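Chain by chain, the residues run as shown.
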Amino acid sequence: MQRLAGSSLRRSLRPIYQLSCRNAPRRSLSSPPTQPPEGIPTQKRLVTTTVAFLAGASFYFFLPDPARAAPTLEKAPLSPRYFTPSTVVSNEESGSNTKLLRLSVSPEVIAASDPSGFQSIWSVFIKDDDIQVERPYTPLYGLDEHGHMLFWIKKYPKGEVGRWLHTKTPGEKIEFRAPLSTWNWKNDTWDEVVFISGGTGFAPFYQLFHSVISDPSISPATQFTLLHSSRIPEELPPPSLLTPLNDFAEKHPERLKVNLFVDTTDEGLSSSLQVKRIDRPSIESAAGLVKPVVPWWRKLYGQREPETPPKRRMFLVCGPEPMINAIAGPYGRNMSQGVVGGILADLGINSNEVYKL
């Protein structure tokens, strides 16, 4: 929002700058340099220029953000155009610098809201009332019938909203805007969906698990694969989230596969935990992209493995920016999808098969 306001300011100032350039005196390389006007001390001109620059910079950086200026409506349907108040139900520790924050929305708001806005992966913008800054978060279960939303919130050293949310106690009010669609699910469109996540980027996958994957009647032929990475085991999603996921994968291996990675550990490893970062072999293996080796004797007789039709795959990537860059390439300008890069580009995956959340 501030970038858009800054762009408008620069566009409004451009004609003035261009006019001053056209009216400025021109001189050839052989003409003597223009002397500063007499009677205006150099120091005074320097101070005046500095003050003007600081005033312009202040105007640029402190322009009002239209999102922060959006009104708060208590009983109106949920909408990204304004804020809705919610109440903190609980805020419990869930691991290293993480909490599970549960918010409640009034029944009147739920009854008035359009359910079609919650069909895909969606998020909310939560506003820090102290400094008037908002950040996006994904509800793990979406919005349940009681009007509750559960968030997995990590506290970062420089994350002002996350630190603020960690201080909230039951009964306090928090304002948010929602729903904002993150990615649209389409029934019977993909043979396989591969979700690669890091840290709290796990949340969109868990929302998809709750709304789509756990219901066998929704796209029953689609297989889902999760590759999730955390720095240490203590930073993995809490057992209350991982246990249902692992239990479902064990009972329905044709529907869901779960692969967990950590950078390092001092503890005994479970059979499902791999100590390494998500790399090319990990993605190839999990997504079934490894080409079978043709035995030498078949090559000798000119025999080939029967070719199978290519799968309709979708790779969803969500996590810290360095991880997204390494796996799928950086975002484009203004947080657009950009071109596919990183490991997925090396594997020949095209832009229609990748989405960066």
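Note that the coordinates shown come from a computational prediction; the quantities given were computed from them, not determined experimentally.

### Side note on the overall build of the protein chain
No. 1: Across its full length, the protein chain holds ten helices and twelve strands.
No. 2: Relative to its full complement of 357 residues, the protein chain shows a buried share of 39%.
No. 3: Total accessible area computed for the protein chain in this model is approximately 21100 Å², and 56% of it derives from carbon and sulfur atoms.

### Some details on the pattern of salt bridges
No. 1: Within this structure, the stated rule accounts for 14 salt bridges.
No. 2: A salt bridge links Arg177 to Glu134; the nearest nitrogen and oxygen atoms lie 2.8 Å apart. Taken as a pair, Arg177 in strand 6 (residues 173–183) and Glu134 in strand 4 (residues 133–137) lie far apart in primary sequence, 43 residues in all. The pair Arg177 / Glu134 is uniform in exposure class, with both members buried.
No. 3: Note that Glu284 and Arg280 form a salt bridge whose closest N and O atoms lie 3.3 Å from each other. With a gap of four residues between them, Glu284 and Arg280 both fall in helix 7 (residues 280–286), about one helical turn apart.
No. 4: In this structure, a network of salt bridges that share partners links the residues Lys127, Asp129 and Glu175.

### Describing the sheet that holds strand 5 (residues 148–154)
No. 1: In spatial order, the strands read 4-3-6-1-2-5; together these six strands make up an open sheet with antiparallel pairing. Edge strands, defined here as strands with exactly one partner in the open sheet, are strand 4 and strand 5. The mean inter-strand angle of the sheet, taken between neighbouring strand axes irrespective of direction, is 35°.
No. 2: Looking at chain direction, strand 2 (residues 98–104) and strand 5 are connected through seven bridges and run antiparallel. Of the residues in strand 5, the one forming a bridge with Arg102 is Leu150.

### Looking at the side chain of Glu235
No. 1: Here Glu235 is to be found in the loop between strand 8 (223–230) and helix 6 (239–251).
No. 2: Leave out the neighbours within four places in its chain, and Glu235 touches Ser96, Trp152, Lys154 and Ser230.

### Here's the deal with the sheet that holds strand 7 (residues 192–198)
No. 1: The six strands are arranged 10-9-8-7-11-12 in an open sheet whose pairing can be described as parallel. Strands with a single pairing partner mark the edges of an open sheet, and in this sheet they are strand 10 (273–275) and strand 12 (354–356). Across the sheet, the axes of successive neighbouring strands diverge by a mean angle of 20°, strand direction being ignored.
No. 2: Examined bridge by bridge, strand 11 (residues 313–318) and strand 12 share three bridges and lie parallel to one another. Residue pairing in the sheet places Val317 in a bridge with Lys356 of strand 12.

### Overview of the packing of aromatic side chains
No. 1: Applying the stated criterion across every chain yields a total of eleven aromatic pairs.
No. 2: A centroid spacing of 5.6 Å and a plane angle of 40° characterise the contact between Phe202 and Tyr206, whose relative ring orientation is tilted.
No. 3: Judged by relative accessible area, which is 2%, Tyr206 ranks as buried.
No. 4: Three or more aromatic residues joined by ring pairs form one cluster here, namely Tyr141, Trp152, Phe202, Tyr206, Phe209 and Phe248.
No. 5: One residue, Lys127, lies across the ring of Phe83, its end atom 4.2 Å from the ring centre.

### Some details on the environment of Gly142
No. 1: Within the secondary structure, Gly142 is located in the loop between strand 4 and strand 5.
No. 2: Since its relative accessible area comes to 5%, Gly142 is described here as buried.
No. 3: Beyond its immediate sequence surroundings of up to four residues, Gly142 is in contact with Trp122, His148, Met149 and Gln207.

Cut-offs applied
- Residues numbered from 1 in each chain as written.
- Predicted model: local features only at pLDDT ≥ 70, side-chain atom pairs only at ≥ 80, totals over all residues.
- Heavy atoms only, no water.
- Helix = DSSP H or I, 4+ residues; strand = E, 2+ residues; numbered from the N terminus.
- Buried < 20%, exposed > 50% of the residue type's maximum accessible area, 1.4 Å probe, protein only.
- Areas by Shrake-Rupley, 256 points an atom, 1.4 Å probe, with all protein chains shown as cover.
- Salt bridge = Lys/Arg side-chain N within 4 Å of Asp/Glu carboxyl O.
- Pairing = 2+ DSSP bridges.
- Axes fitted to C-alpha atoms, helices over the stretch in contact; angles between N-to-C directions.
- Contact = heavy atoms within 4.5 Å.
- Phe/Tyr/Trp six-rings, centres within 6.5 Å; stacked < 30°, edge-to-face > 60°.
- Lys NZ or Arg CZ within 6 Å of the ring centre and 35° of its normal.

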